[in-house]
Structure formats: structure tokens, C-alpha cells
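Structure assessment
Spelled out from the first residue to the last, the chains are:
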Amino acid sequence: VNESDVAIVVVGDRERYWGEGKSTCTLELMGDQIDLLNKIVETGKPFVLDIISSKPLVIPANVRNNARAIIQQFSPGQMGGQALADAVFGVYNPSGRLTISIPYHVGQQPIFYNCTRGCHQDRYADMTFDPCWAFGYGLSYSHIVYESAKLNKEKFNNDDKEVLECSVTLKNDSDRDAVEVVQIYINDVITSCTWAVEELKAYDRVQLKAHETKTVVLKVPISECSIVDANCKRVVEAGEFECRVGRSANAFPFVLKFEVL
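Reading guide: rules and limits
- Residues numbered from 1 in each chain as written.
- Predicted model: local features only at pLDDT ≥ 70, side-chain atom pairs only at ≥ 80, totals over all residues.
- Heavy atoms only, no water.
- Helix = DSSP H or I, 4+ residues; strand = E, 2+ residues; numbered from the N terminus.
- Buried < 20%, exposed > 50% of the residue type's maximum accessible area, 1.4 Å probe, protein only.
- Contact = heavy atoms within 4.5 Å.
- Areas by Shrake-Rupley, 256 points an atom, 1.4 Å probe, with all protein chains shown as cover.
- Core = buried A, V, L, I, M, F, W, Y, C linked by side-chain atoms within 4.5 Å.
- Pairing = 2+ DSSP bridges.
- Axes fitted to C-alpha atoms, helices over the stretch in contact; angles between N-to-C directions.
- Lys, Arg positive; Asp, Glu negative; His and termini not counted.
- Salt bridge = Lys/Arg side-chain N within 4 Å of Asp/Glu carboxyl O.

**Points about the overall build of the chain**
Across its full length, the chain holds 3 helices and 13 strands. Summarising its shape, the C-alpha atoms of the chain cover approximately 65 × 45 × 35 Å along the three principal directions. Of all 261 residues assigned to the chain, the portion counted as buried reaches 41%. Put simply, of all contacts in the chain between residues at least 6 apart along the chain, 66% involve residues at least 24 apart. When the accessible surface of the chain is summed, it comes to about 14,600 Å², and 50% of that surface belongs to carbon and sulfur atoms.

Below, the structure written as C-alpha cells:
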């Protein structure tokens, strides 16, 4: 490592822990992997961390904070090596987003973005409730700016034909073409029964040329803003809602309020 300009460090879990019935009591890196990573950090050399695993793994803070990039490969298969090389050498501009939340500590499990209000997950006495990396999170070589967002209207009737339309303007403030995954989460502010704090209702993979500005429209039928009530019926309740626009389940450049009558 001392003779290299950059180190690419590959860690993960063994195949014996992959698949159904292979649960582990820890999400820590096993064996001598943490010692290896500590020594890499001590060199002061730039390094890229590649994680090959079947489950989310807990990465120590000193490693997370010093890595120039972290690439997660869930069960990548025989082309995983080629995919890694393409990403590291810039042949491919990454656009993948996490389909799970990755915790800081195994004690945070189960951790997921659409937890219910008032559940045990909303507080810990000794650490944050937030995940290390949230559902929907992901980086690329490009810098995408969310310039504006607006709804087609602020009040909707409880009608199957009603559709919320959210217009989002994006700017690729970089020299690289990119794909941005715009995400729409809906929060029913007050519900008659316990429900999720938010739910992903729409997303769009938006292709942006270098320095291009583009406006896209994401649509959510009002019928999708529903809960299951005390009578086990799926209904859309009248009241206030939030349309949360962003790049992951906990990063919202815009929160737009609307009402269902």
C-alpha cells in the first residue's frame, strides 16, 4: 500500500453466510478484516472500499470517514469484478440506489425507512435512530442540484380520478452525464390508526447530460395515499399530507404540503 497511489480494498462476508437459513448474530466484518482496514487507514493513503456481501454490514467509523469511496456489491455474480472496474475507472457513472437501510450497529435492527409512528425505533438511549445509509441512498460522479419542485394543486378530492403531479427541476452541475433517481415519499400527517411515517410512492430515473437542466413530472394517484383503518379497510382519510421530494428516504430538498378533502 505504501508504494501505491490508491488502494482498492475488498471486504465482505463468506459464501457460507449467504442465503436462506444463514443468519448471523453480528453484522461486523469477520476475521482480521477490521485489523486490515485499520492498517490501511494508518498509512494515510487514499483508498476505495468495495464491500461484497449478501447482507448489510457494519463499517467502522474511522473506515467510513477516511474512504474516498464505498462501493456496495450485493451478491454481484461472475461479472462483479468487471462492474467494479468500470465504476472505479469511470467507465460507468454509478446510479444505483439502496433498496434497504444500512445500520450503524446491529442493535438497530430491524431498521427500515417506513417504520410506524411511536414504534421503539424512534429513539435509543445510547445512539442515533438514523441509519448509516438510508433506503434510496446512492452517489455518483456527478453533482445534481434540485432547483425547484411544485404540485399541480394544493387540495384534492378523494376521488379515484384525482392524481397528484409533482414537477421537479434538476440541474446536472458537473461535466459528466448522469442518471438521477428522483423519489417521492408521502406522509399522512394525522391518521386514525397507527401508520408508517412515510411511504415511497413514485420515482423516476432521470437522464441528465453534463450541465443540463430538466424538469420531470412524477405522478401519484390520490388513491395511493391510503392507510388500513380500524375496520381493516383500505381508505384515504381526509386531512393534511406531505409530498417529500428527494434523493433518499431521509434527504428531502423539498417538502410540499397538500390536503385531501
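Next comes the rest of the write-up.
**A word on the environment of V106**
Within the fold, V106 resides in the loop between α3 (80-88) and β4 (144-151). We classify V106 as partly exposed; its relative accessible area is 31%. Residues V106 and E28, 78 residues apart in the sequence, show an inter-C-alpha distance of 8.0 Å.

**Considering the nonpolar core**
Of all hydrophobic cores here, the largest spans 29 residues; its most connected members are L164, C166, V168, I184, C243, V245 and F258. Discounting residues that sit within four places of it in the chain, L164 has contacts with L151, N152, F156, L218, K219, V220, I222, C243 and F258. Counting residues in each nonpolar core, the second largest holds 18 residues, with I40, F47, L49 and V63 among its members.

**Digging into the environment of P56**
Along the chain, the position of P56 falls in the loop between β2 (47-53) and α2 (61-66). Put simply, P56 and E28 are 28 residues apart on the chain and 9.5 Å apart in space, counted from C-alpha to C-alpha. Those residues in contact with P56 that lie beyond four places of it in its chain are L27, F74, I100, I102 and P103.

**Some remarks on the sheet that holds strand β3 (residues 69-74)**
As summarised here, the arrangement of the 3 strands in space is β1-β2-β3, forming an open sheet in which the pairing is parallel. Of all the strands in the sheet, the pair left with one neighbour each is β1 (7-12) and β3. Strand-to-strand, the axes of this sheet are offset by a mean angle of 20°, without reference to chain direction. Of the pairings in the sheet, the one linking β1 to β2 comprises 6 bridges and is parallel in character. Bridged to V11 within β2 is I51. α3 contacts β1, β2 and β3 of the sheet and is inclined by roughly 155° relative to β3.

**Brief notes about the side chain of D188**
Among the structural elements, D188 can be located in strand β7 (residues 178-188). No salt bridge is formed by the buried D188. Its closest oppositely charged neighbour is R117, at 5.7 Å. Excluding residues within four positions of it along the chain, D188 makes contact with R117, I227, E240 and F241.

**Brief notes about the pattern of salt bridges**
This model, assessed by the stated rule, comprises 9 salt bridges. Of the charged contacts, one joins K55 and D13 as a salt bridge, the two residues approaching to 3.6 Å between their closest N and O atoms. Within this pair, whereas K55 is found in the loop between β2 and α2, its partner D13 is found in the loop between β1 and α1 (33-43), the two being separated by 42 residues in sequence. In this structure, K55 and D13 share a single accessibility class: buried. Across the pair K153 and E162 runs a salt bridge whose closest N-O atoms are separated by 3.1 Å. Residue classification places K153 among the partly exposed positions, given a relative accessible area of 34%. Judged by its relative accessible area of 12%, E162 falls in the buried class.

**Quick word on the sheet that holds β4**
Spatial strand order, β4-β6-β9: 3 strands in an open sheet with antiparallel pairing. The open sheet has two edge strands, β4 and β9 (213-221), and neither has a second partner. Mean inter-strand twist for the sheet, computed between neighbouring axes without regard to direction, equals 25°. Across 9 bridges, the pairing between strand β6 (residues 163-172) and β9 is antiparallel. Its bridge partner lying in β9, T169 is registered against T215.

Purely geometric stuff here, so don't read any function into it on its own.
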